[in-house]
Amino acid sequence: MALSTRAALLLKVCFLACYVTIPSLAASGDFLQCLSANIPTQLVVRPSSPSFTSVLVSSIRNPKFFTRTTVRPLCIVTPTNASHVQTAVLCGRLHDVRVRVRSGGHDYEGLSYRFERPETFAVVDLSNLRAVRVNRRAATAWVDSGATLGELYYTVAKAAPELAFPAGAIRGGGGNFGIVLSWKVKLVRVPSTVTFFNIRKSVDQGAVNAVAKWQTLAPALPDELSIRVIVSRDALFQSLYLGSCDELVTTMSRLFPELGMTRADCREMSWLQSTVYIISGDTKTPLETLLNRTTSLSTFSKNKSDYVKKAITKDLWEKIFPWFNNAGAGIIILEPHGGRVGSIADASTPYPHRSGVLYNIQYVAFWTGSGTDAPNWISGLYNFMEPFVSKNPRGAYVNYRDLDIGQNTVVGGITSFESGKVWGEKYFGGNFKRLAVTKGKVDADDYFRNEQSVPPLVSRK
């Protein structure tokens, strides 16, 4: 099958969903032959290859998605340019083999490399496409989709220390329409010195009161100050301030005296150092840690999410904290909204959780072996929280993907819109139908689909 190199390289952002499906009864062998005719052999990793398992697990972070019963791909394509990606899609359409796309980010449900049900598929692994090109003058960067967030942080800071990328810039509708190979991101200016603190409060030290106040304070803080909370048996307040320690102490004593922050709590550093410190808690951790792509299969995990629009009362927090004394208890992470996120209209981008949202909750459970305490803990706490979070629908964050809130049903080879609405409106609210209409225009035959992909909604005239 001849492929036009010019066409393959025409678009830097390579939306490939617009090709028409060609019905075929060809076996998977024909798909592999189609790939080999247009992609170097070493870039198509088959199960018979000695490197197949290592390539497959290279970005898997959860052992529950790498078991004997996990559906394995027919092959893993590791493209080094756009034409290889285009070949994989064209060959897949021609020979009825779907592709799953794996980029540099996390994947809580493993949908970038597996199917919940048996199906013949291939993985397109973009890890070789991870360049970051910084335009210092324009304060922008082109970021290939295979790059990790750590690689983005590191490259930007090394090229332009006065610039940074604010991770968590929430916009898109997910990988539902094709394969995007590169993103142009806007960078923001940061001072040469930023200040970070970790302040831990036990329940006896006033954690309940502090968290209760944080709920309405955090979304309204000055733009240069952000505070999140990690709740377990105690509450860990983590703050990043774009300025000096002395300035932060003054601000905190005025706005949040309940934390009792002093200069001894401060750690002044560069913005790049702060991205390492928030994970390690050690200022001596090498910055090159951000470039480490190694993953581990030692710990099972489960994540869920919620949005809070009305502050949870102190009395209710007193009932929430005891959940972290239960067997299998994990953590919850409270991330404030407000600020720039809250200033954008709900319908302006696919992400709808903006106006009136105080903060997001991420529930996280960890376990080893075959225990059930942690899964039971996270589902129990999630159910307990239902009356106190967003409603109609109960919102969820698509980047913390959760198959428990609904999965697609395929009818006649196409994902049904009604089944998609069950989970889709939780992620995208009133924007879900608009996404489905777009899907119907660019991928009407639903080639790019997974257990939670936007279904195509095609207008009938």
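Residues numbered from 1 in each chain as written. Predicted model: local features only at pLDDT ≥ 70, side-chain atom pairs only at ≥ 80, totals over all residues. Heavy atoms only, no water.

Visitor: Whenever I open this one, the overall build of the chain confuses me. Can you help?
Guide: Within the chain, the secondary structure is distributed over 13 helices and 18 strands. By the compact-globule yardstick of 23 Å for 461 residues, the chain fits well, its C-alpha radius of gyration being 23 Å. When its C-alpha atoms are laid out on the principal axes, the chain stretches across 70 × 50 × 45 Å. In the chain, which comprises 461 residues, the share counted as buried stands at 51%. (Helix = DSSP H or I, 4+ residues; strand = E, 2+ residues; numbered from the N terminus. Rg over C-alpha atoms; globule rule 2.2 N^0.38 Å. Buried < 20%, exposed > 50% of the residue type's maximum accessible area, 1.4 Å probe, protein only.)

Visitor: Mind showing me how you'd approach the sheet that holds strand β8 (residues 182-186) here?
Guide: Sheets are built from strands that pair by backbone hydrogen bonding, the pairs being arranged parallel or antiparallel. One open sheet accounts for three strands, arranged β5-β6-β8; its pairing is antiparallel. With partners counted over all chains shown, the strands left at the sheet margins are β5 (132-135) and β8, one partner each. When strand polarity is set aside, the average angle formed by the axes of neighbouring strands in this sheet is 15°. Bridge count between β5 and strand β6 (residues 140-144): four bridges; the pairing is antiparallel. Across the sheet, the residue bridging to V134 is A141, located in β6. Each of β5 and β6 is contacted by helix α5 (residues 149-159), which is oriented at about 35° to β5, the strand it contacts most. (Pairing = 2+ DSSP bridges. Axes fitted to C-alpha atoms, helices over the stretch in contact; angles between N-to-C directions. Contact = heavy atoms within 4.5 Å.)

Visitor: Would you take a moment to explain the environment of F428 for this structure?
Guide: Within the secondary structure, F428 sits in helix α12 (residues 417-428). Each C-alpha atom of the pair F428 and K391 lies 13 Å from the other, and the pair is 37 residues apart in sequence.

Visitor: Sorry if this is basic, but what is going on with the environment of L236 here?
Guide: By the secondary structure assignment, L236 is in strand β12 (residues 235-241). As for L236 and S202, which are separated by 34 residues in sequence, their C-alpha atoms are 8.7 Å apart. Once you skip the residues sitting within four places of it in the chain, L236 turns out to touch N198, I199, R200, R228, V229 and I230.

Visitor: When you look at the sheet that holds strand β4 (residues 121-125) in this model, what are you seeing that I'm missing?
Guide: An order of β1-β2-β4-β3 is seen for the four strands of this open sheet, with the pairing classed as mixed. Edge strands, defined here as strands with exactly one partner in the open sheet, are β1 (44-45) and β3 (98-102).

Visitor: Is there a simple way to explain the pattern of salt bridges in this structure?
Guide: It is possible for side chains of opposite charge to pair when their charged atoms get near one another. Throughout the structure, instances matching the rule amount to 24 salt bridges. Ionic pairing is found between R130 and E151, a salt bridge with its closest N-O pair at 3.3 Å. On the criterion of sequence distance, the pair formed by R130 in the loop between β4 and β5 and E151 in helix α5 is long-range, its members being 21 residues apart. On the basis of relative accessibility, which here comes to 8%, the residue E151 falls in the buried class. A salt bridge links E258 to K213; the shortest N-O distance between them is 3.1 Å. Of this pair, E258 sits in the loop between α7 (245-255) and β13 (266-269) while K213 sits in helix α6 (residues 207-217), placing them 45 residues apart in sequence. Here K213 falls in the partly exposed class, since its relative accessible area comes to 28%. One connected set of salt bridges, linked through shared partners, spans R93, K439, D443, D445, D446 and R449. (Salt bridge = Lys/Arg side-chain N within 4 Å of Asp/Glu carboxyl O.)

Visitor: Help me understand the nonpolar core in this model?
Guide: For soluble globular proteins, the rule of thumb is that nonpolar side chains tend to be buried together. Judged by nonpolar contacts, the single largest core of 67 residues is most densely connected at F237, W317 and L334. A per-element tally of this core places α6 first, with seven residues. With residues up to four places along the chain from it excluded, the contact list for W317 reads V208, V211, A212, Q215, I312, I332, L334 and Y359. (Core = buried A, V, L, I, M, F, W, Y, C linked by side-chain atoms within 4.5 Å.)

Visitor: Is there a simple way to think about α12 in this case?
Guide: For an α-helix, 3.6 residues make a turn, and residues three or four places apart therefore share a direction. Its 12 residues place the ends of α12 only 14 Å apart at the C-alpha level, less than the 16 Å of an ideal helix rising 1.5 Å per residue. All of the buried residues in α12 are F417, S419, G420, W423, G424, Y427 and F428. Taken end-on, α12 shows its buried residues confined to a sector of 140°, consistent with a single buried face. Against the buried residues of α12 lie β18 (414-415) and α13 (432-442). Immediately beyond the C-terminal end of α12, within one or two residues, lies G429, with a positive phi of roughly 55°. (Expected span 1.5 Å × (residues − 1). Arc of directions from axis to C-beta.)

Visitor: Hey, could you run me through α13 in this one?
Guide: When α13 is considered as a whole, its buried residues turn out to be F432, L435, A436, K439 and G440. Along the axis of α13, the buried positions cluster into a sector of 145°, meaning they face one direction only. Packing partners of the buried residues in α13 comprise α12.

Visitor: Help me understand the packing of aromatic side chains, please; the structure alone is not making it clear to me.
Guide: Working definition: an aromatic ring pair is given by the centre-to-centre distance plus the angle between the planes. Counted under the stated rule, the structure contains 20 aromatic pairs. On the numbers, 5.0 Å between centres and 85° between planes, the contact of Y153 with W271 is edge-to-face. Residue Y153 is found in helix α5, and its partner W271 is found in helix α8 (residues 271-280); the two are separated by 118 residues along the sequence. Aromatic pair Y307 and Y351: ring centres 6.3 Å apart, planes at 65°, arrangement edge-to-face. Placement of Y307 in strand β14 (residues 300-308) and of Y351 in the loop between α10 (339-343) and β16 (359-367) is noted, with a sequence separation of 44 residues between them. Y351 matches Y307 in its accessibility class, with the two residues each being buried. Ring pairing ties together the aromatic residues Y108, Y307, Y351, Y397 and Y400, which thus form one cluster. Above the face of the F115 ring, R100 is positioned so that its terminal group lies 3.5 Å from the ring centre. Against the face of Y382 rests R394, its NZ or CZ located 3.6 Å from the ring centre. (Phe/Tyr/Trp six-rings, centres within 6.5 Å; stacked < 30°, edge-to-face > 60°. Lys NZ or Arg CZ within 6 Å of the ring centre and 35° of its normal.)

Visitor: What is the right way to read the environment of L225 from this model?
Guide: Note that L225 resides in strand β11 (residues 225-231). Its relative accessible area of 5% is what places L225 among the buried residues. The sequence separation of L225 and S192 amounts to 33 residues, and the corresponding C-alpha distance is 15 Å. Once residues lying within four places of it in the same chain are set aside, the contact partners of L225 are S239, L240, Y241, L248, T251 and M252.

As far as function goes, none of this settles anything; it's purely spatial.
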